[in-house]
Amino acid sequence: MSAPSLTPSRAARSRNPQPRQGSPEAPGGTFARNLRRNLTAHAFLIGAVVCFALFSWYPMVREFLLAFQKTESGRTVWVGLDNFTTVFNDPAFWQAWGNTLWFTTLALVLGFAVPFVLAITINEFRHGKGYLRLLVYLPVMLPPVAGVLLFQYLYDPGYGLLNELLGLLRLPEQQWLQDADIAMFSLVVASTWMNMGGATLIYLAALQGIPGELYEAAELDGAGLLRRIWHVTIPQTRLILSLMFLMQIIATMQVFVEPFLLTGGAGPEGSTTTVVYLIYQYAFNFNNYGAAAALGLLLLVLLAGFSAAYAKLSRSEDA
Amino acid sequence: MSTRTLISPAVLARRRGKRLYWSAFALVTGGFTLVFLGPLYWLVSSGFKDTQEVVRTPPTLVPESFTPENYSRAWEVMDLSSLLFNTFYYAFGALAFQLVLDVAAAYSLSKLRPVLGKAILGMMLVTLMIPATVLVVPQYLTVLDVPVVERNLLNTPWAIWLPSVTNAFNIFLLKRFFDSIPRELLDAASMDGASPTRILWSIVLPISRPILGVVSIFAVVGVWKDFLWPMLTLPDPAKQTLNVGIYSLSNGVPVNVLIAALTIASLPTLLVFLVFQRNIMGGLTAGGLKG
């Protein structure tokens, strides 16, 4: 390969492909060169593309097909909306959606607000920031089994640390995971403890980008602490806040591990059956892939809306 | 030289401000330690207690009965060595696959710019919009019978390694980093006759070490933390990961032994975190949003 002239650069040339002058030695001309360049480029891509095709793109199509199919004695037949009817008529259907929404709501209240408050608090300190950050992120690094089973002991009605704590405060003991009314709440607390480190760090980074003059100006105008948060901190971090809000919805609506490990999935009186747990049951306990796919498709349609909003917002952040 | 935050330095400089600052600091530091480190301390210390003490109320803060045998029993009964080995094997295999295939793809999309490259990138990014759990069922069916080659990957490491490559977020992160490498640098190399592979190896990769570190840590931690997928695709107890193996044995062993096992299972990722915390924290905030 030879480079006849130093200008224009190869990059500029490939951006606006003009007939190349004075390079009679290019074998086969522009077409062959382009072909070779493309073959190399595609060779670099092929591994990832094959994986995507097998484990992302094909499953996406298949999910859609499965929802309208059934396998009867080894043969695949189209059943129209039958799978959806099955799913809709399942008494667990509405309960699962209700539980999932309840989990998401609680997780938004706790998992969205608490990390923000923690981040604001940490950001105010001049000392020990690194230590505090480290602490908040520590649980994120635990394997989920360790985190979840740890909470099983903390919640234990007999010797659990949490009831011990309530006893010290002279509050009545709770059946954390066995009481249908608060089982979901217990799951959210565990889940928040395990996962909020990431959000806290992201908020911290956002807070550090707020220009100090804004606080100064607000203070001169007589704004107290809360009003400074309301009129400076929140508007300045609005984009990150709304992105995290959407992320949180998308993530928590897919909750599976916490109910599966802490309450065996369904929980007392089905109070912790979530949509994804129901999908899991259809597919892997009842071998009804059609119904699982139909339910999955409903979840997908709902969450794709949030995902699209998220993509749009994060693009506006880049701009 | 920190910029001012919510509370002005003038207020903090006053006596009352100072006193308030330090009491708030003590309160918060203590509270954080209790809430985030407390349960971990309880995990480690309960691993040393004997069967009666671990369920005693009120619980003991310092183990009275020191039984480190729990740890060795957990190691043997739950066969932690092979669970650990499996998890390492899957995690570092996934890391290798992601580093080779995702880096190559991102490099191609960023610098070689093939025909249809934009469309391929777009299709990769679309997968970020699909909730992961929705695809578990069709992905599982794919693992049972991979199209074209018609192989069953159940109970093989491929079931973990290959899907881990489909990480559009990694590719996006890498591509953005590669985009920021000045073209002139690569042009100069290519004029000197360096092939694309050579350019990737000798110029792009050395510059990209920070982002490669971040991607690597996330790749390993991702496999280490996954639960549902390995539970479905690795049903053979001898091939399971720590998460799944400990879960499936958790009902049969005494509480203190199980707690010891959980402590052992937590150590590797906690150590990785403590060693690489700077990179992880930086990656979290620089690389965009991943909670």
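Residues numbered from 1 in each chain as written. Chains lettered and ligands numbered in written order. Predicted model: local features only at pLDDT ≥ 70, side-chain atom pairs only at ≥ 80, totals over all residues. Heavy atoms only, no water.

Q: It is not clear to me how the interface of chain B and chain A should be interpreted in this structure. Could you clarify?
A: Often the size quoted for an interface is simply the accessible area lost on bringing the parts together. Of the residues lining the interface, 108 residues belong to chain B; the matching set on chain A comes to 103 residues. Summed over both partners, the interface of chain B with chain A comes to about 9700 Å²; 77% of that surface belongs to carbon and sulfur atoms. Across the chain B-chain A interface, the total number found is 20 residue pairs in polar contact (both at pLDDT 80 or more). Grouping the amino acids of the side of chain B that touches chain A by side-chain chemistry returns 77 nonpolar, 22 polar and 9 charged. (Contact = heavy atoms within 4.5 Å. Buried area = accessible area lost by both parts, 1.4 Å probe. Polar contact = N/O pair within 3.5 Å; in protein donor to acceptor, adjacent residues only side chain to side chain. Nonpolar A, V, L, I, M, F, W, Y, C, P; charged D, E, K, R; others polar.)

Q: Teacher, can you tell me more about the nonpolar core here?
A: Counting residues in hydrophobic clusters, the biggest one holds 193 residues, and the most contacted among them are B:Met124 and B:Ile246. Sort the elements by how many residues they give to this core and helix 5 (residues 80–112) of chain B lands first, with 15 residues. Taken domain by domain, the makeup of this core includes at least three residues from each of domain 1 (9–66) and domain 2 (75–287) of chain B. When sequence neighbours within four positions are dropped, the list of residues in contact with B:Met124 reads A:Ala48, A:Val49, A:Phe52, A:Trp57, B:Leu109, B:Ala168 and B:Ile171. (Core = buried A, V, L, I, M, F, W, Y, C linked by side-chain atoms within 4.5 Å. Buried < 20%, exposed > 50% of the residue type's maximum accessible area, 1.4 Å probe, protein only. Helix = DSSP H or I, 4+ residues; strand = E, 2+ residues; numbered from the N terminus. Domains from an automatic or database assignment.)

Q: I tried to follow the packing of helix 6 (residues 144–155) of chain A against helix 8 (residues 183–208) of chain A on my own but got confused; where do I start?
A: Two numbers describe a pair of packed helices, the interaxial angle and the distance between the axes. All names here are of chain A. Packing of helix 6 against helix 8 leaves a shortest axis separation of 10 Å and a crossing angle of 135°. With respect to helix 8, the axis of helix 6 lies oblique. The chirality of how helix 6 crosses helix 8 is right-handed. Between helix 6 and helix 8, the residues in contact are Pro144, Gly147, Val148, Leu150, Phe151 and Tyr155 and Ser186, Val189, Ala190, Trp193 and Met194, respectively. Classifying every residue of the contact of helix 6 with helix 8 by side-chain character gives 9 nonpolar, 2 polar and no charged. (Axes fitted to C-alpha atoms, helices over the stretch in contact; angles between N-to-C directions. Parallel < 35°, antiparallel > 145°, perpendicular 65-115°, else oblique. Left-handed = near helix turned anticlockwise from the far one by under 90°.)

Q: How should I be thinking about the confidence of the model for chain B in this particular structure?
A: Atom-level detail of predicted coordinates should not be read off regions where pLDDT is low. All names here are of chain B. When pLDDT is averaged along chain B, the result is 88, and 96% of the positions lie at 70 or above. Confidence drops under a pLDDT of 50 for residues 287–291, and excluding neighbours within four residues, the segment shows 17 contacts in the predicted structure. Interface predicted TM-score (ipTM) for the complex: 0.87; the corresponding pTM is 0.85. (pLDDT = per-residue confidence, 0-100.)

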